[in-house]
Amino acid sequence: MPMTSSSASDAAIAELFAGIPAMLGRTPDLVVRGRMLTCDCLLGPADHPFHVSIREGAIVDMTAAPVLMRSWRFAFRASSAAWAEYWQPMPRPGWHDLLALTKRKEASLEGDLHPFMTHLQYFKDLLALPRFAPGRAA
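Every value quoted in this text rests on a predicted model; they were computed, and no experiment measured them.

Focus: the overall build of the chain
Looking only at helices and strands, one finds 7 helices and 5 strands in the chain. Mapped in sequence order, the helices and strands of the chain form the string α-α-α-β-β-β-β-α-α-β-α-α. Taking the principal axes of its C-alpha atoms as reference, the chain extends roughly 35 × 30 × 25 Å. Buried positions account for 45% of the 138 residues belonging to the chain. Summarising the internal contacts of the chain: among those between residues at least 6 apart in sequence, 62% fall at separations of at least 24. As displayed, the chain has an accessible area near 7,200 Å², and 58% of this comes from carbon and sulfur atoms. Positive and negative side-chain charges of the chain, numbering 14 and 13 respectively, have mean locations separated by a distance of 5 Å.

Structural data, given as structure tokens:
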């Protein structure tokens, strides 16, 4: 049964986020596409984001925030309901795209946007990986 915004819990969203590094490991083409990207960022649920260290397109560290004195270049955070909608196999219009989520005010994007915008398709594909997670029905 697919997760809907009404059934989305913060714990379920955090669990899916925690699985993104393994999902990326099973998607070598995406790692290759991000090979020019090296940065530290803050991604995930608005209330409980993750510090993510990306080196040459691979996630080398992902730690739940807050982490004392840990810096990041940019942050993309969204509500649990927004992530649940975004991760639907066929998201509804307005919930289908990271920038659409910011326009709806369901997500925030802050900091140095250069690495995010330069590698926008990489981040869109990376953060969409839970749509295709095993056990998620269409």
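Now that the structure is up, let's keep going.
Quick notes on the packing of aromatic side chains
For the coordinates displayed, the defined rule picks out 11 aromatic pairs. Pairing Tyr122 with Phe123 gives two aromatic rings, centres 5.4 Å apart and planes at 85 degrees, and the pair type is edge-to-face. Taken as a pair, Tyr122 and Phe123 share a single burial class, namely buried. Seen from the ring of Tyr86, Arg131 lies directly overhead, with NZ or CZ sitting 4.4 Å from the centre.

A closer look at the state of the cysteines
Inspection of the entire model under this criterion finds 0 disulfides. Not engaged in a disulfide, the cysteine Cys41 finds its nearest cysteine sulfur in Cys39; these two sulfurs lie 4.4 Å apart. The class for Cys41 is buried, based on a relative accessible area of 1%.

So, the side chain of Arg131
Tracing the backbone through its elements, the reader meets Arg131 in the segment after α7 (120–128). Here Arg131 occupies a buried position and makes no salt bridge, while the nearest side chain of opposite charge, Asp125, is found at 7.1 Å.

A word on the environment of Leu126
In this structure, Leu126 sits in helix α7. Along the sequence, Leu126 and Gly34 sit 92 residues apart, while their C-alpha atoms lie 9.7 Å from each other. Beyond its immediate sequence surroundings of up to four residues, Leu126 is in contact with Ile20, Leu24, Leu30 and Ile59.

Re helix α1 (residues 10–18)
When we look at burial in α1, the residues that qualify are Ile13, Leu16 and Phe17. Projected onto a plane normal to the axis of α1, the buried residues spread over an arc of 100 degrees and lie on a single side. Turned more than 90 degrees away from the buried face of α1, the exposed residues are Ala11 and Glu15. Residues of α1 that are buried make contact with α2 (20–25), β1 (39–45), β2 (50–55), β3 (58–64), α4 (80–86) and α7.

Quick look at the confidence of the model for the chain
Per-residue pLDDT for the chain has a mean of 90; in total, 91% of the residues score no lower than 70. Confidence over residues 1–7 falls short of pLDDT 50; this stretch has 15 contacts with residues more than four positions distant or in other chains.

Structural notes on the pattern of salt bridges
Evaluation of the coordinates by the stated rule reveals 7 salt bridges. With a shortest N-O distance of 2.5 Å, Arg70 and Asp61 are connected by a salt bridge. Of the residues examined, Arg70 reaches a relative accessible area of 27% and is grouped as partly exposed. Judged by its relative accessible area of 30%, Asp61 is partly exposed.

Conventions used here
- Residues numbered from 1 in each chain as written.
- Predicted model: local features only at pLDDT ≥ 70, side-chain atom pairs only at ≥ 80, totals over all residues.
- Heavy atoms only, no water.
- Helix = DSSP H or I, 4+ residues; strand = E, 2+ residues; numbered from the N terminus.
- Buried < 20%, exposed > 50% of the residue type's maximum accessible area, 1.4 Å probe, protein only.
- Contact = heavy atoms within 4.5 Å.
- Areas by Shrake-Rupley, 256 points an atom, 1.4 Å probe, with all protein chains shown as cover.
- Lys, Arg positive; Asp, Glu negative; His and termini not counted.
- Charge placed at Lys NZ, Arg CZ, Asp CG, Glu CD.
- Phe/Tyr/Trp six-rings, centres within 6.5 Å; stacked < 30°, edge-to-face > 60°.
- Lys NZ or Arg CZ within 6 Å of the ring centre and 35° of its normal.
- Disulfide = S-S within 2.5 Å.
- Salt bridge = Lys/Arg side-chain N within 4 Å of Asp/Glu carboxyl O.
- Arc of directions from axis to C-beta.
- pLDDT = per-residue confidence, 0-100.

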